[in-house]
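# Examining the three-dimensional arrangement
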Amino acid sequence: MRRGGTVTGAVSLVMIFVVLCMTVFAVLTLSTAVGESRLAQATAAHVQDYYEADARATAIAAQVAAAPTAPEIDGIPVEYVPSEQGTHAVFSVPAGENQALDVELLLQTPSYAILKWELVYSGDWQADQSIAVWDGGAA
């Protein structure tokens, strides 16, 4: 049997490596948790914006069905478009910073039929022109 410093030195190196690995995993776990928290908060805000717009659009639709000539309801302009099926009421309710809930209703005598109830992007879109893309021509 040998007794020397080589075995204890190897154990110390392994322990240092294990502590270093555990520290790296802890930092990665923390950064993942922070990222997931931000994503959860953004999702919650988006859902809240959508349901507020949905409730507002539902109230506007009920008011449009009751009084189908009002040009504006709760600050939202309503456009009435005649068609072969009847009169269409079209309006858009903001749903957050860059989205809107577009609604199109077919007004019928006692009520209305929903033709469109869609969440759309309403922000300004700018194409990214910073990357030179090959157009297929000779170089």
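Now for a look at the structure at hand. (Residues numbered from 1 in each chain as written. Predicted model: local features only at pLDDT ≥ 70, side-chain atom pairs only at ≥ 80, totals over all residues. Heavy atoms only, no water.)

## Topic: the overall build of the chain
From N to C terminus, the chain includes 1 helix and 6 strands. In sequence order, the secondary structure elements of the chain are arranged as α-β-β-β-β-β-β. In terms of overall dimensions, the chain is more spread out than a globule: its C-alpha atoms have a radius of gyration of 30 Å, far above the 14 Å expected for 139 residues. For the chain, with 139 residues in total, the buried portion stands at 16%. (Helix = DSSP H or I, 4+ residues; strand = E, 2+ residues; numbered from the N terminus. Rg over C-alpha atoms; globule rule 2.2 N^0.38 Å. Buried < 20%, exposed > 50% of the residue type's maximum accessible area, 1.4 Å probe, protein only.)

## Observations regarding a nonpolar patch on the surface
A cluster of nonpolar side chains, namely Val14, Phe17, Val18, Leu20, Met22, Val24, Phe25 and Leu28, defines an oily patch on the protein surface of about 800 Å² accessible area. Structurally, Leu20 is set in helix α1 (residues 5-66). (Patch = residues over 30% accessible without salt bridge, like charges linked within 9 Å, V, L, I, M, F, W, Y side chains within 5 Å. Areas by Shrake-Rupley, 256 points an atom, 1.4 Å probe, with all protein chains shown as cover. Salt bridge = Lys/Arg side-chain N within 4 Å of Asp/Glu carboxyl O.)

## Focus: unusual backbone geometry
With a phi close to 55°, Asp74 is a non-glycine residue in the positive phi region. Asp74 sits in the partly exposed class, given a relative accessible area of 47%.

## Brief notes about the side chain of His88
Summarising the element assignment, His88 is placed in strand β4 (residues 87-94). With relative accessibility at 9%, the residue His88 sits in the buried group. Among the polar contacts made by the side chain of His88, one reaches the side chain of Glu104 at a distance of 2.7 Å. His88 has contacts with Glu79, Tyr80, Val81, Ser83, Glu104, Leu105, Leu106 and Leu115, leaving out every residue within four places of it along the chain. (Polar contact = N/O pair within 3.5 Å; in protein donor to acceptor, adjacent residues only side chain to side chain. Contact = heavy atoms within 4.5 Å.)

## What to know about the nonpolar core
Within the largest apolar cluster, 17 residues are counted, with the highest numbers of intra-cluster contacts made by Ile60, Val64, Val78, Phe91 and Val93. Put simply, the parts of the chain that give this core at least two residues each are α1, β4 and β5 (99-107). Among the elements that make up this core, the one with the highest residue count is α1 (5 residues). When sequence neighbours within four positions are dropped, the list of residues in contact with Ile60 reads Ile73, Asp74, Ile76, Val78, Phe91 and Val93. (Core = buried A, V, L, I, M, F, W, Y, C linked by side-chain atoms within 4.5 Å.)

## What to know about the pairing of β4
Bridging between strand β3 (residues 79-82) and β4 involves 4 bridges; their strand directions are antiparallel. Its bridge partner being in β4, Pro82 is matched across the sheet by Thr87. The hairpin formed by β3 and β4 contains 4 residues between the paired strands, and Gly86 there has a positive phi angle of roughly 150°. Where β4 meets β5, 8 bridges bridge the pair, whose relative direction is antiparallel. (Pairing = 2+ DSSP bridges.)

## As for the environment of Ala66
Structurally, Ala66 is set in helix α1. Considering only alpha carbons, one finds Ala66 and Pro110, 44 residues apart in sequence, at a separation of 8.4 Å.

## Observations regarding the environment of Glu97
Note on placement: Glu97 falls in the loop between β4 and β5. Look at Glu97 and you get exposed, because its relative accessible area is 77%. Put simply, Glu97 and His46 are 51 residues apart on the chain and 9.4 Å apart in space, counted from C-alpha to C-alpha.

## Considering the packing of aromatic side chains
Taken as a whole and judged by the stated rule, the model has 1 aromatic pair. Between Tyr50 and Tyr51, the ring centres sit 5.2 Å apart and the planes meet at 75°, which makes this aromatic pair edge-to-face. (Phe/Tyr/Trp six-rings, centres within 6.5 Å; stacked < 30°, edge-to-face > 60°.)

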